[in-house]
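Coordinates in review
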Number of protein chains: 2
Amino acid sequence: MVSLLQEKCVACRAEAPRVTEEEMAELLPELPHWQVVEREGMFQLERTLQFKNFASALDFAHRVGRVAEAEGHHPLLMVDTLCATDPPPPAWGKCTVVWWTRKIRGLHRNDFIMAAKTDRLYEEAGAQAARGISWGMR
Amino acid sequence: MVSLLQEKCVACRAEAPRVTEEEMAELLPELPHWQVVEREGMFQLERTLQFKNFASALDFAHRVGRVAEAEGHHPLLMVDTLCATDPPPPAWGKCTVVWWTRKIRGLHRNDFIMAAKTDRLYEEAGAQAARGISWGMR
């Protein structure tokens, strides 16, 4: 069993190898909430995470961004709100995180590492919310 | 001449009127950087703003989010980085802001007000950068 959380991103060059299908089959069980999507001929890892409101979703995006800065590898982040419905949804905010490596136009091992780190941030967010720590707008 | 910046969002109900074509023709000259796009049968206002890096783009998203919270009207925010190219681009980060009103599945006057406020935030960001005030990751 690999442990992506213990890894750090490595510097990535244009000639770096994409993950193979075999590697993907090994890595994806660690990331059960992520989907592999194809856009413009590139494979990407995508997950949409739910929050109590827009502010919390945006705050989470900020936390992901901080880790991205530290690792020197950046995702696409989308923050949105859910439409009013009757009955109201359980969560009003969402943050979609998309990881891929632009230089190689596809998935590098770095992207799986960052997806695992994103999951951990989300777990921490839930734990903080459960302890009553404000997770709102600063 | 209208002055969107001096307006505040009004509470919006599902039966509120969408802006008419005539109103749009009156309002859009105040928003020369915005495009009207149609997605899933809904008109939306969209602008992509450039920043020196990802962190600055994300920080800007946070500032837009704060104004959105204050007005009770929320956009879709997308924060992304630009791919390394040769020569490198003048800006490495971007934030796309999309305003529309979910309840009426289209554009309300509120959206034009928020687009104008977004422009002002961007101008302030540029002014701060020019004065050497850090506009990076907190």
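Residues numbered from 1 in each chain as written. Chains lettered and ligands numbered in written order. Predicted model: local features only at pLDDT ≥ 70, side-chain atom pairs only at ≥ 80, totals over all residues. Heavy atoms only, no water.

Quick notes on the relation of the copies chain A and chain B
- Expressed as a screw transformation, the operator carrying chain A onto chain B has a rotation angle of 180 degrees and an axial translation of 0.0 Å, and the superposed copies differ by an RMSD of 0.0 Å. Here the two chains are linked by the operation of a two-fold rotation axis. Rotation axis and chain A: the residue whose C-alpha lies nearest the axis is methionine 78 of chain A, separated from it by 2.2 Å.
- In this assembly, 96% of the residues forming the interface of chain A have copies in chain B that are likewise at the interface, indicating an isologous arrangement. (Least-squares fit on C-alpha atoms with pLDDT ≥ 70 in both. Contact = heavy atoms within 4.5 Å.)

As for the interface of chain A and chain B
- Listed by partner, the interface residues are 25 residues for chain A and 24 residues for chain B.
- Between chain A and chain B, the buried area comes to about 2200 Å², and carbon and sulfur atoms account for 69% of it.
- For the pair chain A and chain B, the interface holds two salt bridges.
- Among the salt bridges present, the one from arginine 102 of chain B reaches aspartate 80 of chain A, with a minimum N-O distance of 2.5 Å.
- Across the contact surface, chain A and chain B share five residue pairs in polar contact (both at pLDDT 80 or more).
- When residues of the side of chain A that touches chain B are traced back to their parent elements, those giving at least two are helix H2 (54-71) and strand S3 (76-81) of chain A.
- A class-by-class count of the residues in the side of chain A that touches chain B yields 14 nonpolar, four polar and seven charged. (Buried area = accessible area lost by both parts, 1.4 Å probe. Salt bridge = Lys/Arg side-chain N within 4 Å of Asp/Glu carboxyl O. Polar contact = N/O pair within 3.5 Å; in protein donor to acceptor, adjacent residues only side chain to side chain. Helix = DSSP H or I, 4+ residues; strand = E, 2+ residues; numbered from the N terminus. Nonpolar A, V, L, I, M, F, W, Y, C, P; charged D, E, K, R; others polar.)

Comments concerning the pairing of S3 of chain A
- Most of S3 of chain A sits out of view: six of its six residues are buried.
- On S3 of chain A, burial covers both faces: Leu76, Met78 and Asp80 of chain A on one face and Leu77, Val79 and Thr81 of chain A on the other are all buried.
- Sheet topology note: the S3 of chain A/strand S4 (residues 93-99) of chain A ladder contains six bridges and is antiparallel. Bridge assignment links valine 79 of chain A to a residue of S4 of chain A, and that residue is cysteine 95 of chain A.
- Bridge count for S3 of chain A against strand S3 (residues 76-81) of chain B is three bridges, and the pairing is antiparallel. If you follow leucine 77 of chain A over to S3 of chain B, its bridge partner there is valine 79 of chain B. (Buried < 20%, exposed > 50% of the residue type's maximum accessible area, 1.4 Å probe, protein only. Pairing = 2+ DSSP bridges.)

Digging into the state of the cysteines
- Inspection of the entire model under this criterion finds zero disulfides over all chains.
- Here cysteine 95 of chain A stays free of any disulfide, with the sulfur of cysteine 95 of chain B as its closest cysteine sulfur at 12 Å.
- Looking at cysteine 9 of chain B, it has no disulfide partner, and the nearest cysteine sulfur is the one in cysteine 12 of chain B, 9.2 Å off. (Disulfide = S-S within 2.5 Å.)

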